[in-house]
Amino acid sequence: MYKYIYIYIYIYIYIYINIKHNTVIKFHPHKKHIHQKVWNVLWPTHISNKLIIIRDFIFSRADLSYQRKQNLFFFYFLFLLQIYQIKVNISYFLCCVSDTMTEIEVPQFFVCPISLLMMKDPVTTVTGITYDRESIEHWLLKAKHCTCPITKQPLPRNSEFLTPNHTLRRLIQAWCSANEANGVDQIPTPKSPLSNANVEKLVKDLEVPSRFQNAMEKLHKLAVESERNRRCMASAGVAEAMVHVIAKSFTQDKTTPCVEEALRILRLLWSSANAVDNNYMKRLLGQNFDFLNSLTRVLQLQTKNKVKVINEAMAILKLTIEAEDSTPLGNLGVEFFRMVVNVMKNREVSLQAMKSALFVLIETCPLGRNRRKIVEAGAVEELVELALENPEKNLTELVFILLAHLCSCADGRDQFLQHAAGIAVVSKRILRVSPTTDDRALHIFSSISKFSASNEVVQEMLRVGAVSKLCMVLQADCASYLKEKARGVLRLHSKTWNDSPCIQVYLLTRFQR
């Protein structure tokens, strides 16, 4: 795209110079690199004549300086250039297309009424209207009122009521073959759609040891293949089967490589647009009380693909925590949180797995007993270390949100202050990442200033630049509530910081000491 812009600029400058110096511009048909039609659109003759008239008028003015005349002429030149810019782009595109392919008109009855594209897998609904399978299935999935787009009659949402129109598909394929020389691509014969009966048979095969491995491989292949397959598998109970496989493997102490495959299938199903439903998840997890413990043990697996297993398990754990009620979450043990913190320590895991680990801790943190367990698992020290690595914006926000939660309890503040870089890294991130990070950082300083402000801590805040950063917040163009938080922290220890050169006199007079 950019090379064409450079060509346009070069041509227009060439035209401008020639018109300005009254040089005749002619098109050379022997030069193959510029198409005749494109040249005519780039600079029509009547526009060139108009510019020559404008040029003569401007340069005949005695009351204008030579520089002013040049500027006016160039202004009119750019004005006309902008008018024809859209026409230039469209014309060049059409010329290029016309050189390689003649225009082919697709028969109207080959076109899907929804997508307005030629159908690849035509199916007929119970109302008698034919659509492309992908378009009508998406319509049935997303439409608030499940009706036929053409007749407005009610339609069943189940795609099993869609009948393949083989005759129309063969006609489309024959038409594509006849026009292949004109650049029309062939349409392959679509595979038969996956049915619930086929999936249910594979689920039953999981109960037979001799068929278990083969059934798992087939289910994984189907889940990877398409979104439609995943929706069908979710409705056929594959998610429940995978949860049962994972939980059973650990309760019977028979961990197999199929656990990894089950995790992948479960993640694909739960990540699908139609499968992530809180009520569905709660109902599913309510029947498998050992599932969270099983996921914890998955994180301890020592396999060749340990990092990949952790990435899969953390994605599922995030979805599980989202769907769980608060009652089971309050019964989580310290070992669970240690495993999640260990995931944060592992720098080989994916960024998404790291975010999932932080999300799990944030979701379970509001419960007081969980907060103490997270601190006991060593999360505070690891959060400070993670913040020191200057991660991306979203990850930094999650780190500070969790750190602010943990600093609201005494044990969390003690661990935070024991880390040599705790106050310094929080101070450094203020006004550098986002308002969310600023808010949580000020909340951390507020908690420390109110409940853990020994003389040593107050002096350290002054020494590492935290006080200077609080003053900067008062002067920065940020939200008023952030300034109020910073002012509150400064007010608490203004007597100690009164003689510091970091705080100007006019800042101290803004609040009572």
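The text that follows walks through the structure, step by step, so that each part is easy to find. (Residues numbered from 1 in each chain as written. Predicted model: local features only at pLDDT ≥ 70, side-chain atom pairs only at ≥ 80, totals over all residues. Heavy atoms only, no water.)

1. Observations concerning the sheet that holds strand S3 (residues 163-164)
Here comes step 1: If you trace the three strands from one edge of the open sheet to the other, you get S2-S1-S3, paired in antiparallel fashion. Only two strands of the sheet have a single neighbouring strand rather than two, namely strand S2 (130-132) and S3.
Here comes step 2: Across three bridges, strand S1 (residues 122-124) lies against S2 in antiparallel orientation. Following the sheet pairing, valine 123 is matched in S2 by tyrosine 131. (Pairing = 2+ DSSP bridges. Helix = DSSP H or I, 4+ residues; strand = E, 2+ residues; numbered from the N terminus.)

2. Quick look at the side chain of arginine 413
Here comes step 1: Mapped onto the elements of the fold, arginine 413 is located in helix H21 (residues 410-418).
Here comes step 2: Buried arginine 413, no salt bridge; nearest opposite-charge side chain is aspartate 414, N-O distance 6.1 Å.
Here comes step 3: A polar contact is formed between the side chain of arginine 413 and the side chain of serine 452, at a distance of 3.0 Å. (Buried < 20%, exposed > 50% of the residue type's maximum accessible area, 1.4 Å probe, protein only. Lys, Arg positive; Asp, Glu negative; His and termini not counted. Salt bridge = Lys/Arg side-chain N within 4 Å of Asp/Glu carboxyl O. Polar contact = N/O pair within 3.5 Å; in protein donor to acceptor, adjacent residues only side chain to side chain.)

3. Description of unusual backbone geometry
Here comes step 1: The phi dihedral of leucine 116 falls on the positive side, at around 60 degrees, and the residue is not glycine.
Here comes step 2: By the element assignment, leucine 116 lies in the loop between helix H4 (66-100) and S1.
Here comes step 3: For leucine 116, a relative accessible area of 62% puts it in the exposed group.
Here comes step 4: Phi is positive for lysine 152, which is not a glycine, with a value near 65 degrees.
Here comes step 5: If you trace the backbone, lysine 152 turns up in the loop between helix H5 (133-142) and S3.
Here comes step 6: Note on lysine 152: relative accessible area 54%, which makes it exposed.

4. A closer look at the state of the cysteines
Here comes step 1: Using the criterion set out here, one finds zero disulfides in the structure.
Here comes step 2: Cysteine cysteine 148 is unpaired, with the sulfur of cysteine 146 as its nearest cysteine sulfur at 9.8 Å. (Disulfide = S-S within 2.5 Å.)

5. A word on the pattern of salt bridges
Here comes step 1: With the rule as written, the count across this model stands at 17 salt bridges.
Here comes step 2: Where glutamate 312 meets arginine 267, a salt bridge forms, and the shortest distance between an N and an O atom there is 2.3 Å. With glutamate 312 in helix H14 (residues 306-323) and arginine 267 in helix H11 (residues 258-270), this residue pair connects regions lying 45 residues apart in the sequence.
Here comes step 3: Using a relative accessible area of 26% as the deciding quantity, one classes arginine 267 as partly exposed.
Here comes step 4: Measuring nitrogen to oxygen at the nearest pair gives 2.9 Å for the salt bridge that ties arginine 440 to aspartate 439.

6. Comments concerning empty space enclosed by the protein
Here comes step 1: Considering all chains together, one arrives at one cavity of 30 Å³ or more under this definition.
Here comes step 2: Of the pockets and cavities examined, the largest cavity occupies roughly 40 Å³.
Here comes step 3: Lining the largest cavity are Thr125, Val126, Leu140, Leu155, Pro156, Phe161 and Leu162.
Here comes step 4: In terms of residue class, the lining of the largest cavity is made up of six nonpolar, one polar and no charged. (1 Å grid on protein atoms, 1.4 Å probe; cavity = no way out; pocket = protein on both sides within 12 Å on 5 of 7 lines; lining within 4 Å. Points joined across faces, edges and corners; volume = space filled by probe spheres on them. Nonpolar A, V, L, I, M, F, W, Y, C, P; charged D, E, K, R; others polar.)

7. Quick word on H14
Here comes step 1: Look at H14: 26 Å from first C-alpha to last across 18 residues, which is about the 26 Å you get at 1.5 Å a residue.
Here comes step 2: For H14, the complete set of buried residues consists of Val309, Ile310, Glu312, Ala313, Met314, Ile316, Leu317, Leu319, Thr320, Ile321 and Ala323. (Expected span 1.5 Å × (residues − 1).)

8. So, the environment of leucine 194
Here comes step 1: By secondary structure assignment, the location of leucine 194 is in the loop between helix H6 (166-178) and helix H7 (196-205).
Here comes step 2: Among the residues examined, leucine 194 registers a relative accessible area of 13% and is labelled buried.
Here comes step 3: Separated by 38 residues in the primary sequence, leucine 194 and cysteine 232 place their C-alpha atoms 7.1 Å from one another.
Here comes step 4: When neighbours within four sequence positions are excluded, leucine 194 is seen to be in contact with Val199, Leu222, Arg228, Asn229, Cys232 and Met233. (Contact = heavy atoms within 4.5 Å.)

9. Brief notes about the packing of helix H9 (residues 227-235) against H11
Here comes step 1: Two elements in contact, H9 and H11, have axes separated by 9 Å at closest approach and are oriented at 100 degrees. Relative to H11, H9 is oriented roughly perpendicular. Between H9, through Arg230, Met233 and Ala234, and H11, the contact on the second element is made entirely by Ile265, Leu268 and Leu269.
Here comes step 2: Per-class residue counts for the contact of H9 with H11 are five nonpolar, no polar and one charged. (Axes fitted to C-alpha atoms, helices over the stretch in contact; angles between N-to-C directions. Parallel < 35°, antiparallel > 145°, perpendicular 65-115°, else oblique.)

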